[in-house]
Amino acid sequence: MQSIKKAAVLGSGVMGSGIAAHLANIGIPTLLLDIVPRELTEAEIAKGLTLENKQVRNRISSTAIQKLLKQKPAPLTSKSNLALIEAGNLEDDMQRLAEVDWIIEVVVENLAVKKQIFDKVDQFRKLGSIVSSNTSGISVEAMVEGRSEDFQKHFLGTHFFNPPSYLKLLEVIPTKQTSPEVLAFIKEFGEDVLGKGVVEAKDTPNFIANRIGTYGLLVTVQEMLKGGYSVGEVDSVTGPLIGRPKSATFRTLDVVGLDTFAHVAKNVYDQVEGAEKEVFEVPAFMKQMLEKGWLGSKSGQGFFLKQGKDILELDPNTLEYGPRKKLKTAATELSKQEKGLANKLKALVYSDDRAGQLLWNIFSPVLIYSAHLLGTIADDIVAVDNAMKWGFGWELGPFETWDAIGLKKSVSKMEEGNLQVPTWIKEMLDNGHESFYKEENGQLYYYSNGEYKQVSQNPKVINLKTVKKQKEVIKKNSGASLIDLGDGVALLEFTSPNNAIGFDIIQMINFAVDEVEKNYKGLVIGNQGKNFCVGANLAMILMEAQDDNYYEIDMVVRQFQNAMMKIKYSKKPVVAAPFGMTLGGGSEVCLPAAQIQASSETYMGLVEVGVGLIPGGGGNKELYIKHLNNAPKGVDFDLQKVANKVFETIAMAKVSTSADEAFENNFLNSKDGISVNGDHLLYDAKQAVLSLYEKGYKAPVRKKVPVVGETGYATLLSGAHAMFLSGYISEHDLKIAKKLAFVIAGGKVPFGTEVDEQYLLDLEREAFLSLVAEPKSQARMQHMLVKGKPLRN
């Protein structure tokens with residue numbers, strides 16, 4: 001039975017160390033090996049070290065490990081994971097490969113070097129261990145020539161995308177000799193343990209995502225030059241407007257690095273012929289940029305150059321920088337009015353203005369190219385679409401895009417423009433099939449060789465759109481829906497804009513808990529929006545405050561607090577499933593739940609001070625209680641330290657950058673769980689509900705809460721006063737800190753007094769209401785709503 005308990009990564013560059021970090025994040029001890037330095041550094045000479053010292057011999061991998069602490073976005077979900085990565089080198093530590101179950105090669109993209117490494121690996125690895133290459137496009141078949149039979153059976157390509165801890169795609173490339181069991185194991189391990197979206201690719205240049213993505217980027221550059229568009233104009237219409245990342249085209253190239261991109265393009269250029277070869281030739285102006293060292297972000301300038309607060313764009317004709325332009329046409333304005341990406345795309349690509357022409361001239365060749373490559377780079381359209389969505393951040397893959405703009409209409413327009421549409425697509429249309437995908441009885445089917453086949457889905461992937469089509473929604477209103485997830489579990493889904501909490505969601509929480517207590521085993525609170533929940537409906541609060549409707553605000557806050565208590569004391573288990581932004585009220589919904597099942601990439605924090613408020617839905621109380629519950633049982637602990645920590649976390653609006661960090665900030669504790677694969681989050685949360693139910697779940701007993709009282713309040717404020725006197729915080733910040741300290745301290749009571757939860761909620765609500773009435777707090781709310789940034793006043 002194959003298992004991976006320990007791994008080795010060979011090559012400690014950005015990708016190698018990033019893969020090691022990802023393995024460490026999921027708890028796999030990893031050896032990170034690199035070459036032995038040939039020269040001493042000045043610091044090493046000063047210490048009297050020689051080239052024979054282990055410290056020197058492991059320097060390259062040791063340095064790479066330390067760099068992980070400084071990288072942004074953070075490759076490590078917790079700094080403590082660094083302890084799981086051990087430095088070594090490719091001369092002294094090869095025999096240690098016998099200790100590991102998976103060896104990942106991430107050395108320079110040179111076949112001869114890789115073969116040399118694998119020759120050594122073959123001598124030292126244990127039989128049955130998996131060996132893979134993270135090559136981005138070199139033939140994996142060529143790498144295994146001359147290797148032992150066991151090596152060949154256990155070898156394949158595993159192409160991670162950078163940064164490995166964040167980008168979802170893992171392309172798995174088997175050779176003819178790869179054992180089917182090894183391939184199946186790595187695909188399952190990749191999805192269930194590494195948390196990746198796994199796509200099986202064929203052994204062709206650049207595999208799937210980089211082949212199509214690089215082609216699309218080069219077509220875009222060529223269309224820019226042909227049509228006389230500027231770099232900024234292209235980026236303004238090839239990003240979110242068409243369902244692509246904000247970095248669009250040229251900002252993406254600046255982030256990736258022009259040298260890296262040119263290398264990837266050359267890899268295909270060297271291995272293809274004819275018209276395809278022409279597309280993969282990097283344009284002359286980009287070659288000049290390479291010569292000048294204008295590589296993008298890493299060299300300080302590329303297609304864009306930042307000067308002070310201004311971002312300038314490069315003119316490809318003169319190689320001079322000027323003001324950044326945007327392309328605004330009738331089509332771009334019309335598309336913004338349309339609902340849904342499919343309608344937006346139709347409004348753009350069928351328009352004859354400058355934006356429409358540019359986008360049609362980019363889309364049509366890329367769609368045709370993807371169709372021509374089907375069967376060569378991957379077996380089916382699902383693999384191609386998923387690779388582009390998971391590797392390049394496209395909202396729709398090429399074949400989904402084709403369906404969105406209308407297959408029949410677009411093919412007709414392509415043929416009018418003398419474009420060569422693949423025969424299999426014409427035959428498909430002749431046979432009356434007008435889309436690549438279709439849905440029947442809640443199941444998704446894809447077109448393949450003259451028929452539609454069901455898209456196979458991991459049972460751990462729950463798609464709420466599909467669930468809602470297959471089962472009747474129990475109840476819904478303008479802000480939320482209650483859905484039957486099956487097996488006796490219900491799900492409360494927030495559906496308001498940004499999933500912001502308003503009266504409608506509060507009403508639905510109350511209904512959901514009542515309904516679940518009567519008819520279900522438990523409740524999951526989760527959704528599949530962009531973020532779990534960004535907090536309370538700030539616009540509604542500000543509007544009521546400006547109208548002096550404090551009675552209305554008081555009522556809503558009371559009801560929110562009561563709903564949170566209803567979650568906490570529900571007779572049936574409630575499991576919250578946060579992911580992405582889980583801020584303010586979003587955290588307040590999670591904290592009282594029987595259990596939290598968080599996605600690994602969860603940004604959790606009580607951030608209300610940023611808008612001049614403090615948490616009002618019980619967040620202060622629940623975070624404090626969570627800290628108390630984390631204290632060792634039967635051991636005296638310092639209550640003041642607990643209060644200090646909670647005060648600091650909320651006053652500084654600390655937000656965890658991962659679920660691991662949320663553990664460290666005490667938003668999560670030992671009974672909570674983490675889902676490495678975000679697609680499995682709702683499944684994992686559902687299983688958590690069933691597990692709690694089957695263990696005979698009982699609602700928690702209501703207990704009094706010990707507080708630090710008046711003396712503790714003074715201690716909490718001493719730090720805030722010092723920060724105010726040193727100019728670190730404003731007078732209004734100090735006012736907010738006083739209110740927060742009063743709530744966390746439990747008001748004017750003696751140290752150690754045990755108080756009721758409702759007493760703490762009343763303190764919290766009173767402080768919240770007094771701050772809402774403050775003009776400076778209202779100014780902060782207004783600024784956040786308009787600018788999307790906190791105001792310091």
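Preceding this section is the structure that the text describes.
Just so you know, these numbers come straight off a predicted model, no measurement behind them.

*Asks:* Even after reading the chapter, I still don't get the sheet that holds strand β15 (residues 475-476), so can you show me in this structure?
*Replies:* In a beta sheet, neighbouring strands are held together by backbone hydrogen bonds and run either parallel or antiparallel to one another. Here seven strands make up an open sheet; going across it, the order is β15-β16-β17-β18-β19-β21-β23 and the pairing mixed. Edge positions in the sheet fall to β15 and β23 (673-675), since each of these pairs with one other strand and no more.

*Asks:* Teacher, can you tell me more about helix α15 (residues 330-337) here?
*Replies:* Because the α-helix completes a turn every 3.6 residues, residues three or four places apart line up on one side. Residues Ala331, Thr332 and Ser335 constitute the buried set of α15. Around the axis of α15, the buried residues are gathered within 100 degrees of arc, so they sit on the same side. In α15, the exposed positions that point more than 90 degrees away from the buried face belong to Ala330 and Gln337. Buried positions along α15 lie against α10 (231-237), α16 (341-349) and α17 (354-373). Where α15 starts, the residue carrying a side-chain oxygen 3.2 Å from the main-chain nitrogen of Ala331 turns out to be Thr329.

*Asks:* Teacher, can you tell me more about the pattern of salt bridges here?
*Replies:* Once their charged atoms are close, side chains differing in charge can pair, the charge on each being opposite to the other. Enumeration according to the criterion identifies 49 salt bridges in this entry. For Lys115, the salt bridge identified is with Glu145, shortest N-O distance 3.4 Å. Here the residue Lys115 occupies a position in helix α5 (residues 111-124), and Glu145 occupies one in the loop between α6 (140-143) and α7 (149-153), the gap between them amounting to 30 residues. Assessed through its relative accessible area of 25%, Lys115 is described here as partly exposed. Among the salt bridges present, the one from Asp554 reaches Arg765, with a minimum N-O distance of 3.0 Å. In this pair, Asp554 is assigned in helix α25 (residues 550-568) and Arg765 in helix α33 (residues 757-772), connecting sequence segments 211 residues apart. Each member of the pair Asp554 and Arg765 is classed as buried.

*Asks:* What is the right way to read the packing of aromatic side chains from this model?
*Replies:* In total, this model carries 21 aromatic pairs according to the counting rule given. Consider the rings of Tyr350 and Trp360, whose centres lie 6.2 Å apart with planes at 40 degrees: the pair is tilted. You can see Tyr350 sitting in the loop between α16 and α17 and its partner Trp360 sitting in helix α17, a full ten residues away along the chain. A network of ring pairs unites the aromatic residues Phe399, Trp402, Trp424, Phe436, Tyr447 and Tyr452 as a single cluster. The ring of Trp394 is capped by Arg244, whose NZ or CZ atom sits 3.6 Å from the centre of that ring. The lysine or arginine in question, Lys277, covers the ring of Tyr269, its NZ or CZ lying 4.4 Å from the ring centre.

*Asks:* Looking at this model, I keep getting lost on the side chain of Lys686. Mind explaining?
*Replies:* For Lys686, the location among the structural elements is in helix α30 (residues 681-694). Only 2.8 Å separates the side chain of Lys686 from the side chain of Asp487, close enough to count as a polar contact. For Lys686, the contacting residues outside a window of four places in its chain are Ile462, Leu485, Gly486, Asp487, Val489 and Val524.

*Asks:* Where do I start with the environment of Ile19 in this structure?
*Replies:* Its place among the elements puts Ile19 in helix α1 (residues 14-25). Each C-alpha atom of the pair Ile19 and Val106 lies 9.0 Å from the other, and the pair is 87 residues apart in sequence. Apart from the residues lying within four places of it in its own chain, the contact partners of Ile19 are Val9, Ile104, Val106, Asn134, Phe160 and Pro164.

*Asks:* Would you take a moment to explain helix α24 (residues 538-546) for this structure?
*Replies:* When we look at burial in α24, the residues that qualify are Leu538, Met540, Ile541, Leu542, Glu544 and Ala545. Packing partners of the buried residues in α24 comprise α25, α33 and α34 (775-787). Put simply, Asn537 is the residue that caps the front of α24, since its side-chain oxygen is 3.3 Å from the backbone nitrogen of Ala539. Just downstream of α24 lies Asp548, where phi reads positive at about 60 degrees.

*Asks:* Help me out: how do you make sense of the pairing of strand β1 (residues 7-10) in this one?
*Replies:* If a strand is regular, its side chains alternate between the two faces of the sheet. Burial of the side chains of β1 extends over both faces: Ala7 and Val9 are buried on one face and Ala8 and Leu10 on the other. When β1 meets strand β4 (residues 102-105), the two strands line up parallel, connected through four bridges. Counterpart to Ala8 in the pairing with β4 is Ile103. Of the strand pairs in this sheet, β1 and strand β2 (residues 30-34) are connected by four bridges, and their pairing is parallel. Across the sheet, the residue bridging to Val9 is Leu32, located in β2. Taken together, β1, α1 and β2 form a β-α-β motif whose crossover is right-handed.

*Asks:* What's the story with the nonpolar core in this structure? I'm lost.
*Replies:* The tendency in soluble globular proteins is for nonpolar side chains to be buried as a group. Within the largest apolar cluster, 106 residues are counted, with the highest numbers of intra-cluster contacts made by Val121, Ile208, Met286, Phe303 and Trp402. Broken down by element, the residue count for this core peaks at twelve residues, all from α17. Apart from the residues within four sequence positions on either side, Trp402 is in contact with Leu367, Ile368, Ala371, Leu407, Ser410, Val411, Met414, Ile425 and Phe436.

*Asks:* What is the right way to look at the sheet that holds strand β13 (residues 443-448) in this model?
*Replies:* Sheet architecture is open: three strands sit in the order β12-β13-β14, paired in antiparallel fashion. The sheet is open, and its two borders are formed by β12 (437-440) and β14 (451-454), each paired with just one other strand. The mean inter-strand angle of the sheet, taken between neighbouring strand axes irrespective of direction, is 40 degrees. With four bridges connecting them, β13 and β14 associate as antiparallel partners. Note that in β14 the partner of Tyr447 across the bridge is Tyr452.

*Asks:* Teacher, can you tell me more about the environment of Gly293 here?
*Replies:* Summarising the element assignment, Gly293 is placed in the loop between α14 (284-292) and β9 (304-307). You can call Gly293 partly exposed: its relative accessible area is 30%. Placed 34 residues apart in sequence, Gly293 and Asp259 show a C-alpha to C-alpha distance of 8.8 Å.

*Asks:* Explain the side chain of Thr158 to me, please; I cannot follow it from the model alone.
*Replies:* If you trace the backbone, Thr158 turns up in strand β6 (residues 155-160). Owing to a relative accessible area of 0%, Thr158 belongs among the buried residues under this scheme. Those residues in contact with Thr158 that lie beyond four places of it in its chain are Trp102, Ile104, Ser132, Ser133, Asn134, Leu170, Glu171, Ile173 and Ile186.

Thresholds, definitions, all that
- Residues numbered from 1 in each chain as written.
- Predicted model: local features only at pLDDT ≥ 70, side-chain atom pairs only at ≥ 80, totals over all residues.
- Heavy atoms only, no water.
- Pairing = 2+ DSSP bridges.
- Helix = DSSP H or I, 4+ residues; strand = E, 2+ residues; numbered from the N terminus.
- Buried < 20%, exposed > 50% of the residue type's maximum accessible area, 1.4 Å probe, protein only.
- Arc of directions from axis to C-beta.
- Contact = heavy atoms within 4.5 Å.
- Polar contact = N/O pair within 3.5 Å; in protein donor to acceptor, adjacent residues only side chain to side chain.
- Salt bridge = Lys/Arg side-chain N within 4 Å of Asp/Glu carboxyl O.
- Phe/Tyr/Trp six-rings, centres within 6.5 Å; stacked < 30°, edge-to-face > 60°.
- Lys NZ or Arg CZ within 6 Å of the ring centre and 35° of its normal.
- Right-handed = clockwise from strand over helix to strand, strands pointing away.
- Core = buried A, V, L, I, M, F, W, Y, C linked by side-chain atoms within 4.5 Å.
- Axes fitted to C-alpha atoms, helices over the stretch in contact; angles between N-to-C directions.

Geometry only, nothing functional implied.
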